[in-house]
Amino acid sequence: MKLRIDQIKDSPQAFEFSADDSWSRAAIAVVPELGAEGGEVPHAQVRAYRVGQDLLIEGRLEGSLGLECSRCLARYRHALSEPFRLVLEPAGRRLPADPEAAKALATQGFCLGDELEMGWFQGHELDLTSLFLEAVALALPVQPLCREACQGLCPQCGVDRNDAACDCAAPRESSPFAILASLKE
Ligand SMILES: [Zn+2]
Ligand SMILES: [Zn+2]
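Since the structure is predicted, the reported quantities are computational estimates derived from the model, not experimental observations. (Residues numbered from 1 in each chain as written. Chains lettered and ligands numbered in written order. Predicted model: local features only at pLDDT ≥ 70, side-chain atom pairs only at ≥ 80, totals over all residues. Heavy atoms only, no water.)

Enquirer: So what about the coordination of the zinc ion (ligand 2)? Which residues, and what values?
Expert: Bound to the zinc ion (ligand 2) on the protein side are Cys154 (SG), Cys157 (SG), Cys166 (SG) and Cys168 (SG), at distances that span 2.3 to 2.4 Å. Taken together, the four donor atoms surrounding the zinc ion (ligand 2) define angles of 104 to 112 degrees at the centre, an arrangement classified as tetrahedral. Sequence spacing among the residues donating to the zinc ion (ligand 2) works out to C-x2-C-x8-C-x1-C. By relative accessible area, Cys168 is classed as partly exposed at 28%. (Donors = N, O, S within 2.8 Å, 3.2 Å for Na, K, Ca; no water. Tetrahedral: all angles 85-135°; square planar, octahedral: opposite > 155°, others 65-115°. Buried < 20%, exposed > 50% of the residue type's maximum accessible area, 1.4 Å probe, protein only.)

And the structure:
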């Protein structure tokens, strides 16, 4: 997941990063759902060019996660399509005040500031691996859903309401408990 700085020209160049072994291992170690059934370690399409002294790097990570629906518990494939964009200016003789950023600049060739899309670069090569790992980790849904309208399982008989209806009585909204619950919210 390395981009050589001398390959970045004034006109946009396209770079393709396939999911090779070392990237796949690193990605699955951080996000095991990429290696689960239905998961696919993302590949990256990158477009990079120079604007004056600055480097502009943008692209998209595409793959999928193998997840379990939080409503119906079915396993499903969750498509990932994560855009990213960086504007990096030459660090020159400057050193980031934040030790983490200084370390990143030394080891991966760039660091990002508080505004996550802006940063500095130095050296000959940008290692985008940890940036990509972070993007994938952030893409994990908090409440996975196989589809927006998933009906889930009946809490009483356990039938998958997406497949079948059941005769269980719907919880009565007018019960005192329901009123208490709504007050709590
Ligand atoms: Zn579901
Ligand atoms: Zn039921």
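Enquirer: I'd like a rundown of unusual backbone geometry, residues and numbers included.
Expert: Positive phi values are uncommon outside glycine, yet Leu73 reaches one of about 65 degrees. Tracing the backbone through its elements, the reader meets Leu73 in the loop between β4 (54–68) and β5 (75–90). (Helix = DSSP H or I, 4+ residues; strand = E, 2+ residues; numbered from the N terminus.)

Enquirer: I'd love a proper account of helix α2 (residues 99–108), names of residues and values included.
Expert: For α2, the full list of buried residues reads Ala101, Ala102, Ala104, Leu105 and Gln108. Residues of α2 that are buried in the fold lie against β6 (110–112), β7 (118–121), β8 (125–127) and α3 (129–138). Two or three places before Glu100, at the opening of α2, Asp98 has a side-chain oxygen 3.1 Å from that residue's backbone nitrogen. In the stretch just after α2, Gly109 is the one whose phi turns positive, near 85 degrees. (Contact = heavy atoms within 4.5 Å. Polar contact = N/O pair within 3.5 Å; in protein donor to acceptor, adjacent residues only side chain to side chain.)

Enquirer: An account of the coordination of the zinc ion (ligand 1) is requested, with residue identities and associated values reported.
Expert: At the metal site, the zinc ion (ligand 1) is ligated by Cys69 (SG), Cys72 (SG), Cys146 (SG) and Cys150 (SG), and these contacts range over 2.2 to 2.4 Å. Here the zinc ion (ligand 1) binds four donor atoms, and the angle range of 106 to 113 degrees at the metal identifies the geometry as tetrahedral. Here the donor residues of the zinc ion (ligand 1) are spaced in sequence according to C-x2-C-x73-C-x3-C. Its relative accessible area of 24% is what places Cys146 among the partly exposed residues. Residue classification places Cys150 among the buried positions, given a relative accessible area of 4%.

Enquirer: Just give me the short version of the pattern of salt bridges, but keep the residues and values in it.
Expert: Within the structure shown, the criterion is met by five salt bridges. Among the ionic pairs, Arg47 bridges to Glu58, the shortest N-O distance being 2.8 Å. Placement of Arg47 in strand β3 (residues 40–51) and of Glu58 in strand β4 is noted, with a sequence separation of eleven residues between them. Residue class for Arg47 comes out partly exposed when judged on its relative accessible area of 38%. We classify Glu58 as buried; its relative accessible area is 18%. Overlapping salt bridges bring together Arg47, Glu58 and Arg85 as one network. (Salt bridge = Lys/Arg side-chain N within 4 Å of Asp/Glu carboxyl O.)

Enquirer: Pulling in residues and values, what's your account of α3?
Expert: One full turn of an α-helix is made of 3.6 residues, so residues set three or four places apart face in the same direction. Within α3 the residues assigned to the buried category are Leu131, Phe132, Leu133 and Val136. Buried residues belonging to α3 abut α1 (21–30), β3, β4, β5 and β6.

Enquirer: With reference to specific residues and values, describe the pairing of β7.
Expert: Here β7 shows one buried face, formed by Gly119 and Phe121, and one open face, formed by Met118 and Trp120. Inspection of the sheet shows β5 paired to β7 by four bridges, in the parallel sense. Bridging across to β7, Leu88 finds its partner in Gly119. Two strands pair when backbone bridges link them, and β6 and β7 are joined in this way by three bridges, in the antiparallel orientation. (Pairing = 2+ DSSP bridges.)

Enquirer: Can you break down the nonpolar core residue by residue, with the values?
Expert: Soluble globular proteins: nonpolar side chains tend toward being buried together. Formed by 37 residues in total, the largest nonpolar core has its most connected members in Leu3, Val46, Ile57, Leu126, Leu128 and Phe132. Mapped onto this core, the elements with two or more residues apiece are β2 (13–17), α1, β3, β4, β5 and α3. In this view, Leu128 contacts Met1, Leu3, Phe17, Leu86 and Phe110; residues no more than four positions away in its chain are not counted. (Core = buried A, V, L, I, M, F, W, Y, C linked by side-chain atoms within 4.5 Å.)

Enquirer: Any chance you could break down the sheet that holds β6 for me, citing the residues and the numbers?
Expert: Read across the open sheet, the six strands follow the order β2-β3-β4-β5-β7-β6; overall the sheet is mixed. The sheet is open, and its two borders are formed by β2 and β6, each paired with just one other strand. Pairs of neighbouring strands in the sheet enclose a mean axial angle of 25 degrees, with direction left out of account. Taken together, the 14 bridges between β4 and β5 define a ladder with antiparallel strand orientation. Looking at β5, one finds that Gly63 is bridged to Leu80. Strands in contact with α2 are β6 and β7; relative to β6, the strand with the most contacts, it is inclined by about 150 degrees. (Axes fitted to C-alpha atoms, helices over the stretch in contact; angles between N-to-C directions.)

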